[in-house]
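Take a look at the letters that make up each chain.
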Amino acid sequence: MIRVQQEDFDIGAEIARLKSGRTDIGAIISFTGTVRDQMGTIDEMMLEHYPGMTEAELAKIDEEANARWPLQASLIVHRIGRLVPGDNIVLVITASEHRDAAFDAARFLMDYLKTRAPFWKRETGKSGNRWVEASAGDDAAIARWTKPKHAAE
Amino acid sequence: MRLLYFAWVREKVGRGTEEVALPPDIATIGELIAWLKTRGPEFANAFARHEVIRAAIDQSHVRHDAVIGNAREIAFFPPVTGG
């Protein structure tokens, strides 16, 4: 499942909802990305996105993770709009019978989201506004998933 | 055809979206970018480093050699930075 929203999310509540009424889940992984102040240089962040394509890309990534690993549940929540240091930005939760699938799928979801989902961050600080630049490390992170079969399967 | 611009491409172009009639000889995203650059200094500036600009046809990522065909909307934006 995927969601794009302005409001904050509650990690505990999301996990509780995801496993509610289920007794087949053996492992749950959650990843939360948050806004850093970068040693006091960032006052706020604006998250811009491409409505429509954002949801389509997140759904594709979620579908791909579910095709690669035996997940019992998965959730991506990404916030948009104005955020300040300390705020949550993104939440990924994966659930599976055994931990390997959930661990690997969570990492896969974040790596793909970082390079495919149409979001852009603009930081505001004492030196004005600045669009965050894409990191080469994010592209490199994708490389580890290019093999169709993964050892954890 | 509907064109959309995001992040610093939008800021440099000075608008987020517009309807344009493309000249009939434009077949690919690369050719569309070359034509956009002739539309004024704000476009020339926004697309100056055209190799860093990413594009989407009807909300799917495409490369610059992609054929536009019967696209309804084309978007231009910098590399994404979510997450």
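What you see is a predicted model; the values in this text were computed from it and never measured. (Residues numbered from 1 in each chain as written. Chains lettered and ligands numbered in written order. Predicted model: local features only at pLDDT ≥ 70, side-chain atom pairs only at ≥ 80, totals over all residues.)

Draft legend 1. The arrangement of the overall build of chain A in detail. Each helix and strand counted, chain A has 4 helices and 8 strands in total. In sequence order, the secondary structure elements of chain A are arranged as β-α-β-β-α-β-β-β-α-β-β-α. Against the 2.2 N^0.38 benchmark of 15 Å for 153 residues, chain A shows a C-alpha radius of gyration of 16 Å, consistent with a compact globule. For chain A, the spread of C-alpha atoms along the principal axes amounts to about 50 × 35 × 30 Å. The buried share of chain A, reckoned over its 153 residues, is 31%. (Helix = DSSP H or I, 4+ residues; strand = E, 2+ residues; numbered from the N terminus. Rg over C-alpha atoms; globule rule 2.2 N^0.38 Å. Buried ≥ 20, exposed ≤ 12 C-beta atoms within 10 Å, placed from the backbone.)

Draft legend 2. Representation of the environment of Asp62 of chain A in the model. Residues and elements named next belong to chain A. Within the secondary structure layout, Asp62 lies in helix H2 (residues 53-68). The sequence separation of Asp62 and Ala136 amounts to 74 residues, and the corresponding C-alpha distance is 23 Å. Setting aside residues no more than four positions away along its own chain, Asp62 makes contact with Ile2, Ser74 and Ile76. (Contact = placed C-beta atoms within 7 Å.)

Draft legend 3. Broad picture of unusual backbone geometry. Backbone geometry at Gln38 of chain A places phi at a positive 50 degrees, although glycine is not the residue there. Tracing the backbone shows Gln38 of chain A in the loop between strand E2 (27-34) and strand E3 (44-49). With a phi close to 55 degrees, Ala7 of chain B is a non-glycine residue in the positive phi region. Of note, Ala7 of chain B is situated in helix H1 (residues 7-13).

Draft legend 4. View of the interface of chain A and chain B. Facing 21 residues of chain A, the contacting portion of chain B comprises 14 residues. Residue assignment for the side of chain A that touches chain B shows that the elements contributing at least two residues are H2, helix H3 (99-116) and strand E7 (119-125) of chain A. A per-element tally of the side of chain A that touches chain B places H3 of chain A first, with 5 residues.

Draft legend 5. Looking closely at the sheet that holds E3 of chain A. Residues and elements named next belong to chain A. Here 4 strands make up an open sheet; going across it, the order is E5-E3-E7-E8 and the pairing antiparallel. Edge strands, defined here as strands with exactly one partner in the open sheet, are strand E5 (81-83) and strand E8 (128-131). Between one strand axis and the next, the sheet turns by 25 degrees as a mean value, whatever way the strands run. Direction of pairing for E7 relative to E8: antiparallel, over a ladder of 4 bridges. Bridge pairing in E8 links Gly125 to Gly128. (Pairing = 2+ DSSP bridges. Axes fitted to C-alpha atoms, helices over the stretch in contact; angles between N-to-C directions.)

Draft legend 6. Here's a closer look at the nonpolar core. Counting residues in each nonpolar core, the largest one holds 49 residues, and the members touching the most others are Ile76, Ala105 and Leu109 of chain A together with Phe6, Val9 and Ala75 of chain B. At 8 residues, the largest contribution of residues to this core is made by H3 of chain A. (Core = buried A, V, L, I, M, F, W, Y, C linked by C-beta atoms within 7 Å.)

Draft legend 7. Quick peek at the environment of Val67 of chain B. All names here are of chain B. Tracing the sequence through the fold places Val67 in the loop between strand E4 (60-62) and strand E5 (73-77). Spatially, the C-alpha atom of Val67 lies 9.1 Å from that of Gly30, the residues being 37 residues apart in sequence. If we ignore the near neighbours within four places in the chain, the residues touching Val67 are Ala27 and Thr28.

Draft legend 8. Spotlight on the sheet that holds strand E1 (residues 2-5) of chain B. All names here are of chain B. Taken in spatial order, the 5 strands make up an open sheet running E2-E1-E5-E3-E4, and their pairing is mixed. At either end of the open sheet lies a strand with only one pairing partner, and these are strand E2 (17-19) and E4. Taken pair by pair, the neighbouring strands of this sheet meet at an average axis angle of 25 degrees, ignoring direction. Here E1 runs beside E5; their pairing, made up of 4 bridges, is parallel. For Tyr5, the partnering residue across the bridge sits in E5 and is Phe76.

Draft legend 9. The packing of H2 of chain A against H3 of chain A, seen in detail. Residues and elements named next belong to chain A. Put simply, H2 and H3 touch, their axes get as near as 10 Å, and they point 150 degrees apart. Classified by the angle their axes make, H2 and H3 are roughly antiparallel. Of the two elements, H2 crosses H3, and the hand of that crossing is right-handed. Touching Glu57, Leu58, Ile61, Ala65 and Arg68 of H2 are Ala105, Phe108, Leu109, Tyr112, Leu113 and Arg116, all from H3. Looking at the contact of H2 with H3 residue by residue, the class counts come to 8 nonpolar, no polar and 3 charged. (Parallel < 35°, antiparallel > 145°, perpendicular 65-115°, else oblique. Left-handed = near helix turned anticlockwise from the far one by under 90°. Nonpolar A, V, L, I, M, F, W, Y, C, P; charged D, E, K, R; others polar.)

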